[in-house]
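Below, each chain spelled out in residue letters.
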Amino acid sequence: MVVVVVAIVLLVVVVVVVVVVMVVIVVAVVVVAIVVLVVVVIIMLVVIVVLVAVVVLVVIVMVVVIVVVVVVVAIVVLVLVVVVVVVVVIVVIVVVVVVVVAIVVLVVIVMVVIVVVVVVVAIVVVVVIVIVMVVVIVVLVVVVLMVVVIVVVAVVVVVVMVVVVEEVVVVAEAASSSSNSMPVPIGIH
């Protein structure tokens, strides 16, 4: 029985150590995955802020350009004071304004597309990291379960072997004691 107790204690210690190691590994993987997710989110937010700032700056520059163009054209109109020239200047102003507005719209569309692409890529990266983390955790849990099953089977085998050996010893002792206590036949000297 001492051998059985020692074997069970050793196997329990091994199981506890294996489970603790696996739990530490799982916690480390989860912490690393969370840190990576936080870094990705921070990078995504920084990129979005930078892109928004660029869009705002581009819009401001375009507005300033439009104002400057309008002022210059107005000065030209006042200097020339000719109907034809005024008409031509008005057409030029309209064309310039249309061109500048088209450029602003194109720049804004490009920036919006870039922001959307960055957000989609960040979301895909986050989803991939989460999937990888879940797969790693599932694999670690399966490994832990396999180790626990193997250890339990080993404990059962050891206990069965010890019980069988004890039974064999008991039977052998009983047989030897019964053979020693047999009566001596009468008449034999």
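See above for the structure.
Calculation notes
Residues numbered from 1 in each chain as written. Predicted model: local features only at pLDDT ≥ 70, side-chain atom pairs only at ≥ 80, totals over all residues. Heavy atoms only, no water. Helix = DSSP H or I, 4+ residues; strand = E, 2+ residues; numbered from the N terminus. Rg over C-alpha atoms; globule rule 2.2 N^0.38 Å. Buried < 20%, exposed > 50% of the residue type's maximum accessible area, 1.4 Å probe, protein only. Contact = heavy atoms within 4.5 Å. Core = buried A, V, L, I, M, F, W, Y, C linked by side-chain atoms within 4.5 Å.

J.: Sorry if this is basic, but what is going on with the overall build of the protein here?
T.: When you go through the protein residue by residue, the secondary structure sums to two helices and zero strands. Here the C-alpha atoms of the protein give a radius of gyration of 43 Å, more than 25% beyond the 16 Å that 2.2 N^0.38 yields for 189 residues. Along the first, second and third principal axes, the C-alpha atoms of the protein reach 165 × 20 × 10 Å. Counting over 189 residues, the protein shows a buried share of 14%. Contacts spanning at least 24 positions in sequence make up 92% of the contacts within the protein whose residues lie at least 6 apart.

J.: Whenever I open this one, the nonpolar core confuses me. Can you help?
T.: For soluble globular proteins, the rule of thumb is that nonpolar side chains tend to be buried together. If you look at the biggest cluster of nonpolar residues, it comprises five residues: A33, L37, V40, I129 and M133. Going through the elements one at a time, α1 (2-80) and α2 (83-180) are the ones with two or more residues in this core. For this core, the leading source of residues is α1, giving three residues. Ignoring anything within four residues of it in the chain, the contact list for A33 reads I129 and M133.

J.: I'm lost on the environment of V54 in this one. Help?
T.: Looking at the element boundaries, V54 is found in helix α1. Distance in space between the C-alpha atoms of V54 and V108 is 9.7 Å, their sequence separation being 54 residues.

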